[in-house]
Amino acid sequence: MTALHSPRHSSEPLSTRAPRRQRKPRKQIGPIWVPGLLLVSPSLILIGVFVYGFLGWNVRVSFSNWRGLSPSYDWVGLSNYTSLWHDERFRGDVRNLIVFTVVFVAGALLLGFFMAMLLDKGVRGEGFFRGVFLFPMAISFIATAIVWRWLMDNGSGEDTAGLNKLFAAVGLDFLRSDWHKSDSMWAIAAVALPAGWALSGYVMALFLAGMRGVSETLRESARLDGASETQIFWYVVRPALRPVTFSALLIMVHISLKTFDLLYALDQGNLRIDTPSLYMWFTTFDGGFYDRGATIATVLLLGVALVVGPYVWFTLRTERR
Amino acid sequence: MVRATAVVPRSTVGRAAPPPVVAPDADQRPRWQRPGPVHTILRYLALWSLAAFFLMPVYVLVVTSLKNPADVSVTRIWELPTSFSLENFGAVLPKLSSGFRNSVALAIPASLLSSLLGCANGFVLSKFRFPLSNVVFPLILFGIFVPYQAVIIPVSQTMTAVGLRGGSDPSGGLLGLLLIHVIYGLPITTLIFRNHFVALPNALLESARLDGAGVLRTFVDLAVPLAKPAFAVSIIWQFTSTWNDFMFGAMMTSRDSWPVTIALNNIAGGQSVPFGQAMAAALLVSLPTLAIYILLGRYFMRGLLAGTLQD
């Protein structure tokens, strides 16, 4: 799947070769891998402490009753988890997150795939289109949210603005929406619009790389066998795209679970677009409920790990083959 | 063949020249199999509509921020300007200038430092493997995906304890924030460099070794100069993510040290802010990363693919 490896003869790490065939140029103290390990050890220690040590620390906080500014590590078992389970706001957040993830991920995958299809065969101005579809990736979610907040304005009548105004101008008034301010559990689905705007180009880039990885020889031989373009797509390109689709899906789901800045800057305090990642932030740093914040963070981590863990494992396993 | 999907071929990674996605040459299909004119028109229609959708916010940003503040109104968001004025920019620039200074002071050293460390890690992990490096590498990779909420309480506690957070620190939290960005950038930079060095022929290293160069010497004299394209990818990626970060900045810094995203959110966030100024501020803050994207898109794209472990 990935081309992380290159031919064996050239990429085999030095340490696994038999060094004795050559005269040792300098006195080696200890095994050959020691200097290498020394070179990476600062990073390894930093990652060990700041990623894994801190993850563990956070999990520990989730088993405590720490509220307020001074830390407390009294063991309370799973009680934070059980109260989170019964927490109305958290339940709403999970519902919101599911709605958002389904709409956003499905939308971004479909749109990204469609854009890749349009560009795959080579069109005039491909570089321009590719650039236009992908540039939102370079922009911060804060700036994205600030523009889209005005585009998704929900004023009505004389105050109609943003996209609603555009709809009215072209006679599509029935499309008018309150967007993320709707009083419905689907309000958060509107956020899939700015999120999709920001990220479907990314999906396109993944699919495009995948499609271009299907060699022209393969397509050509199918053509010589009399396959139509549709058949080639269905029987040659589509199966070859399965790994990319899988990657794109997992990457998008994990981004969706972590979405924070966009929602924060779009409409702070709107519970219709609240998610666990926002709840964690506000309950911890505004409310001082460190115990609850750490618990939400742990649940979030488990969610991400369930999605990404197998992916990392799968990628590395394919690479070793 | 099937396994080779999803990737820019390995061999392109080390070189700067070929773009990651290459259009096939001329349409090689026989004439009767090529798409007809209707098909072609539909295709371009779809492409241009999509381009309009993606550029719509840019239109709103540019047109609104260049209007005379008196002409700016949300209900006339789509109208072309009848006046030209830089007043909106003049109004927000003083409020954003310290944010810009802070973000520059943050993003440049953060991207350089974590790229340098990532270079060393990638070099060792691809060429001088040590026992258990097969276990360490996946653990580093997973670090790319960790949700920052799951570490932010310990980070805030640690930074407070060492006096690097917010007001208690002379840099207003910027130094601590720099440290955070360097550390949490390590997994992705390590991956970028590791992928780069895997393609480096061992004969080169072998000859350096025969010349008596140790690991450190080989790294400094051979690996770093050979890794220029990977440095471009890594520095650009790190610069962009540091510049665009919001959560760590909001947690770490006090008012005077706000990075530009936090300044932007606080200036242009509320509904009370004039629409024209909000747009001008959002546009200004996006310009640096946008310029990098336009000028060095190829490297940006490679960082993007590396983030999916696909490079």
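Residues numbered from 1 in each chain as written. Chains lettered and ligands numbered in written order. Predicted model: local features only at pLDDT ≥ 70, side-chain atom pairs only at ≥ 80, totals over all residues.

(A) Spatial organisation of the overall build of chain B. Within chain B one finds eleven helices and zero strands. Listing each helix as α and each strand as β along chain B from the N terminus yields α-α-α-α-α-α-α-α-α-α-α. Burial analysis of chain B (311 residues in total) assigns 52% to the buried set. Contacts spanning at least 24 positions in sequence make up 76% of the contacts within chain B whose residues lie at least 6 apart. (Helix = DSSP H or I, 4+ residues; strand = E, 2+ residues; numbered from the N terminus. Buried ≥ 20, exposed ≤ 12 C-beta atoms within 10 Å, placed from the backbone. Contact = placed C-beta atoms within 7 Å.)

(B) Highlighting the overall build of chain A. Within chain A one finds 14 helices and zero strands. In chain A, the order of α-helices and β-strands from amino to carboxyl end is α-α-α-α-α-α-α-α-α-α-α-α-α-α. If you line up chain A on its principal axes, its C-alpha atoms span 85 × 70 × 30 Å. Residues classed as buried in chain A amount to 47% of the 321 residues present. Here the contacts in chain A between residues at least 6 apart in sequence split such that 70% fall between residues at least 24 apart.

(C) Quick look at the interface of chain A and chain B. Chain A puts 109 residues into the contact, and the matching count from chain B is 99 residues. Its residues assigned to classes, the side of chain A that touches chain B shows 70 nonpolar, 27 polar and twelve charged. (Nonpolar A, V, L, I, M, F, W, Y, C, P; charged D, E, K, R; others polar.)

(D) Seen up close, the nonpolar core. Grouped together as the largest cluster of nonpolar side chains are 188 residues, with contacts concentrated most on A:Val191, A:Val203, A:Phe207, B:Leu264, B:Ala281 and B:Ala282. Taken domain by domain, the makeup of this core includes at least three residues from each of domain 1 (32–85) and domain 2 (89–306) of chain B. In contact with B:Ala281, not counting residues within four places along its chain, are B:Val92, B:Leu96, B:Leu264, B:Ile267 and B:Ala268. (Core = buried A, V, L, I, M, F, W, Y, C linked by C-beta atoms within 7 Å. Domains from an automatic or database assignment.)

(E) Structural detail: the domain arrangement of chain B. Residues and elements named next belong to chain B. What the domain assignment reports for chain B is domain 1 (32–85) and domain 2 (89–306). The interface of domain 1 with domain 2 comprises nine residues on the first partner and eight residues on the second. Residues belonging to the side of domain 1 that touches domain 2 are distributed by class as follows: six nonpolar, two polar and one charged.

(F) Focus on helix 4 (residues 88–120) of chain A. Over its 33 residues, helix 4 of chain A extends 47 Å from the first C-alpha to the last, a length consistent with the 48 Å expected when each residue adds 1.5 Å. One or two positions beyond helix 4 of chain A, positive phi appears at A:Gly122, with a value near 90 degrees. (Expected span 1.5 Å × (residues − 1).)

(G) Up close: unusual backbone geometry. Not every positive phi belongs to a glycine, and A:Trp179 is a case in point at roughly 50 degrees. Looking at where A:Trp179 falls in the secondary structure, it is placed in the loop between helix 7 (162–169) and helix 8 (192–213). A positive phi is found at B:Leu132, a non-glycine position, where the angle reads about 75 degrees. By the secondary structure assignment, B:Leu132 is in the loop between helix 2 (87–127) and helix 3 (133–142).

(H) Representation of the environment of B:Phe84 in the model. With respect to the helices and strands, the residue B:Phe84 is situated in the loop between helix 1 (37–66) and helix 2. Between the alpha carbons of B:Phe84 and B:Leu66 there is a distance of 5.8 Å; along the sequence they are 18 residues apart.

(I) Inspection of the confidence of the model for chain A at higher detail. Averaged over every residue, the pLDDT of chain A is 88; residues scoring 70 or more account for 90%. Across residues 1–11 of chain A the pLDDT falls below 50, and counting only partners more than four positions away or on other chains, this stretch makes 31 contacts in the model. (pLDDT = per-residue confidence, 0-100.)

(J) Region of the structure containing the environment of A:Ile273. All names here are of chain A. Its location among the elements puts Ile273 in the loop between helix 12 (261–266) and helix 13 (276–286). Here Ile273 falls in the buried class, since 26 other C-beta atoms lie within 10 Å of it. Taking C-alpha positions, Ile273 is 8.9 Å from Phe100, a pair spaced 173 residues apart along the chain. Residues within four places of Ile273 in sequence aside, it is in contact with Asn96, His180, Ala187, Ile188, Val191, Leu263, Leu266 and Asp267.

(K) Representation of the environment of A:Gly77 in the model. For A:Gly77, the position within the fold is in the loop between helix 2 (34–62) and helix 3 (79–85). Taking C-alpha positions, A:Gly77 is 66 Å from A:Asp225, a pair spaced 148 residues apart along the chain.

(L) Molecular detail of the packing of helix 2 of chain A against helix 5 (residues 174–198) of chain B. Orientation of helix 2 of chain A relative to helix 5 of chain B, taken along the N-to-C sense of each, is 110 degrees, at an axis distance of 10 Å. Relative to helix 5 of chain B, helix 2 of chain A is oriented roughly perpendicular. Of helix 5 of chain B, the residues touching helix 2 of chain A (which contributes A:Ser43, A:Leu46, A:Ile47 and A:Phe50) are B:Ile183, B:Leu186 and B:Pro187. Here the residues of the contact of helix 2 of chain A with helix 5 of chain B sort into six nonpolar, one polar and no charged. (Axes fitted to C-alpha atoms, helices over the stretch in contact; angles between N-to-C directions. Parallel < 35°, antiparallel > 145°, perpendicular 65-115°, else oblique.)

(M) Local environment of the confidence of the model for chain B. All names here are of chain B. Chain-level pLDDT for chain B is 86 on average; 87% of the residues reach the 70-or-more range. The model gives residues 1–25 a pLDDT under 50, and that stretch makes 66 contacts with residues more than four places away or in other chains. The ipTM value of the predicted complex is 0.87, and its pTM value is 0.87.

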